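Below are the chains, spelled out letter by letter.
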Amino acid sequence: MTVIGFDTSNYTTSIAAYNGVSGKNCSRLLSVKPGELGLRQSDALFAHVKQLPELAKALFSGFDCTDIRAVGVSTRPRAVEGSYMPCFLAGQSQAEVLAAALGVPLYRFSHQQGHIAACLWSAGRMDLMQRPHLAWHLSGGTTELLLVEPEEKNVKATKIGGTSDISAGQLIDRTGKRLGLPFPAGKAIDACSQESDTKELFHVKLSGLTFSFSGVENKVAAYLDAGHDAADSARYAMNSVCHCIAAVTRAALQEYPDLPVVFSGGVASNSLLRERCRAFSPVFADPQYSTDNAMGVAVLTWLQEA
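Cut-offs and rules
- Residues numbered from 1 in each chain as written.
- Predicted model: local features only at pLDDT ≥ 70, side-chain atom pairs only at ≥ 80, totals over all residues.
- Heavy atoms only, no water.
- Helix = DSSP H or I, 4+ residues; strand = E, 2+ residues; numbered from the N terminus.
- Rg over C-alpha atoms; globule rule 2.2 N^0.38 Å.
- Buried < 20%, exposed > 50% of the residue type's maximum accessible area, 1.4 Å probe, protein only.
- Contact = heavy atoms within 4.5 Å.
- Lys, Arg positive; Asp, Glu negative; His and termini not counted.
- Charge placed at Lys NZ, Arg CZ, Asp CG, Glu CD.
- Pairing = 2+ DSSP bridges.
- Axes fitted to C-alpha atoms, helices over the stretch in contact; angles between N-to-C directions.
- Expected span 1.5 Å × (residues − 1).
- Disulfide = S-S within 2.5 Å.
- Bend = angle between axes of the 7 residues up to and from the residue.
- Parallel < 35°, antiparallel > 145°, perpendicular 65-115°, else oblique.
- Nonpolar A, V, L, I, M, F, W, Y, C, P; charged D, E, K, R; others polar.

Novice: Give me the overall build of the chain: which residues, what numbers.
Specialist: Secondary structure assignment for the chain yields nine helices and twelve strands. A compact globule built from 306 residues would reach a C-alpha radius of gyration of about 19 Å, and the chain, at 19 Å, matches this within 12%. Each of the 306 residues in the chain was classed as buried or not, and the buried ones make up 50%. Restricting to contacts in the chain with at least 6 residues of sequence separation, those with at least 24 account for 69%. Charged side chains of the chain number 27 positive and 29 negative; the gap between the two group centres comes to 1 Å.

What follows is the structure, encoded as structure tokens:
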């Protein structure tokens, strides 16, 4: 049995196939003009519509479509009331057409649920689909700490902490823009920060499990303006982010002791974050499945039919 998953986030177009053991994910970043920080929703939707046929052709090349038993798609950012972004309509429309043409069930999930599933699958920890755990969703648009609980072959993710303003990904991308790095800047900031050994950072103030990253953005700008080079400035930004995430994780484990801690989303591929959080025996996705992808949606779809 093979299933297909679609995900059209504000950063990446992706389509994946999964057979219960292995899978294939075909994805492409949306094109952003140099110096800009992302796309308007209308432009993102248009880009997805253009990119999906080519990615589908790559996925289905040499593929036996008669074995497809279900189609899944992410239709919104989070599984909460009012969560909506037009860019997800691109994947949803394609998924509905494919499911109707094949006469197979269509399953709808949130982008966040897909991230969690992709992380657990790629890390070899699908057992956590049946156990409560803590999960960070760290991406260009989201920095949330979640209490994840099993729910009908899916996951229920309840926000218990996170940023009150800009996300970790936004902070990294804005830092990257100041340094003249391409968007999205995650990989470039990671590489740049590895060229510095500075221990300097800005201590983010916590309010329970909630915090603000806008102050870090201002401090990074001041740090760079004070004459520090790109490597030290990138490291300063990542030191601040990682120190905050680690501090919130420790506080959360005092409230929710003994729960496993999962890190999903594009920022979770950062090498410094992975190093600084080793003390929590964390579950990290394979880097290629940390960023936006359709594999998690395909995994969740397969579980519905298993």
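After that view, the rundown keeps rolling.
Novice: Which residues make up the sheet that holds strand β1 (residues 2-8), and what are the values?
Specialist: What the five strands build is an open sheet, ordered β3-β2-β1-β4-β5; its pairing is mixed. Strands with a single pairing partner mark the edges of an open sheet, and in this sheet they are β3 (23-29) and β5 (106-110). Averaged over all pairs of adjacent strands, the angle between their axes in this sheet comes to 15°, without regard to strand direction. The pairing of strand β2 (residues 12-18) with β3 spans seven bridges and is antiparallel. For T13, the partnering residue across the bridge sits in β3 and is R28. With respect to the sheet, helix α3 (residues 111-122) is in contact with β1, β2, β3, β4 (68-76) and β5, its orientation differing from that of β5 by roughly 90°.

Novice: Give a detailed account of the pairing of strand β7 (residues 143-151), specifying residues and quantitative values.
Specialist: As judged from the six bridges shared by strand β6 (residues 133-138) and β7, these two strands associate in the antiparallel manner. Within β7, the position partnered with L134 by the bridge is L147. Pairing between β7 and strand β8 (residues 154-163): eight bridges, direction antiparallel. Each bridged residue has a counterpart across the sheet, and for E144 the counterpart in β8 is G162. Joining the antiparallel neighbours β7 and β8 is a turn of two residues, in which E152 adopts a positive phi near 50°.

Novice: Give me helix α2 (residues 88-102): which residues, what numbers.
Specialist: In this model α2 runs 21 Å from its N-terminal to its C-terminal C-alpha over 15 residues, within 8% of the 21 Å that 1.5 Å per residue would give. Buried residues of α2: F88, A90, G91, Q92, A95, L98 and A99, and no others. Next to the buried residues of α2 lie β1, α1 (41-60), β4, β5 and α3.

Novice: Can you lay out unusual backbone geometry for me, pointing to particular residues and giving the numbers?
Specialist: Cis geometry marks the peptide bond from F183 to P184; its omega dihedral reads -10°. With respect to the secondary-structure elements, P184 resides in the loop between α4 (168-178) and α5 (186-193). Of note, the phi angle at D258 is positive, near 70°, even though the residue is not glycine. The topology assignment puts D258 in the loop between α7 (230-255) and β11 (261-264).

Novice: Quick rundown of the state of the cysteines? Include the residues and the values.
Specialist: Evaluated as defined, the whole model comprises zero disulfides. This cysteine, C277, is not joined by any disulfide, and C242 carries the nearest cysteine sulfur, 6.6 Å off.

Novice: So what about α1? Which residues, and what values?
Specialist: Its 20 residues place the ends of α1 28 Å apart at the C-alpha level, agreeing with the 28 Å of an ideal helix rising 1.5 Å per residue. Taking the largest bend as the criterion, α1 deviates by roughly 35°, centred on Q51, and proline P53 comes between one and four positions later. Turning to α1, its buried residues number three or more, namely A44, A47, H48, Q51, L52, L55, A56 and L59. Looking at the packing, one finds that the buried side of α1 touches β1, β2, β3 and α2. Backbone geometry just after α1 places G62 at a positive phi near 70°.

Novice: Residue-level account of the packing of α5 against α7, with values.
Specialist: In a pair of packed helices, the angle between the axes and the distance between the axes together describe the arrangement. Running from amino to carboxyl end, α5 crosses α7 at an angle of 110°, the nearest separation of the two axes being 8 Å. Comparing the axis directions of α5 and α7 gives the class roughly perpendicular. Across the interface between the two elements, I189, C192 and S193 of α5 pack against A230, A231, A234, R235 and M238 of α7. Here the contact of α5 with α7 is composed, by residue class, of six nonpolar, one polar and one charged.

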